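# Breakdown of the fold
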Amino acid sequence: MGEKQKKSGGAPRREKTREQILEAAYRALVKIGYERITTRRIAEEAGCNVATLHYYFGDKETLLT
């Protein structure tokens, strides 16, 4: 596989991870509400670690807006 193919193959995976986090945030928001939601809870719901969530969105407020 060429170098160009390796680099472009990550984009769909990144988008999928980003979408999983957004969907998990929505589910957690509906279940427990804004005041009680945490990035740890969202990460658990998404099946990723908190560092991944912060890589894509930075913080809770950015993710939920």
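Right, let's walk through the structure included here. (Residues numbered from 1 in each chain as written. Predicted model: local features only at pLDDT ≥ 70, side-chain atom pairs only at ≥ 80, totals over all residues. Heavy atoms only, no water.)

### Describing the nonpolar core
In terms of nonpolar packing, the biggest core is built from twelve residues, these being Ile21, Ala24, Ala25, Ala28, Ile32, Ile37, Ile42, Ala43, Ala46, Leu53, Phe57 and Leu63. Only helix H2 (10–32), helix H3 (39–46) and helix H4 (50–57) provide two or more residues apiece to this core. When residues of this core are assigned to their parent elements, the largest contribution, five residues, is made by H2. Each residue touching alanine 28, except ones within four places of it in the same chain, is listed here: Gly33, Ile37, Arg41 and Ile42. (Core = buried A, V, L, I, M, F, W, Y, C linked by side-chain atoms within 4.5 Å. Buried < 20%, exposed > 50% of the residue type's maximum accessible area, 1.4 Å probe, protein only. Helix = DSSP H or I, 4+ residues; strand = E, 2+ residues; numbered from the N terminus. Contact = heavy atoms within 4.5 Å.)

### Here's the deal with the environment of alanine 24
By the element assignment, alanine 24 lies in helix H2. Using a relative accessible area of 0% as the deciding quantity, one classes alanine 24 as buried. C-alpha of alanine 24 to C-alpha of glutamate 44: the two residues are 20 residues apart in sequence and 8.4 Å apart in space.

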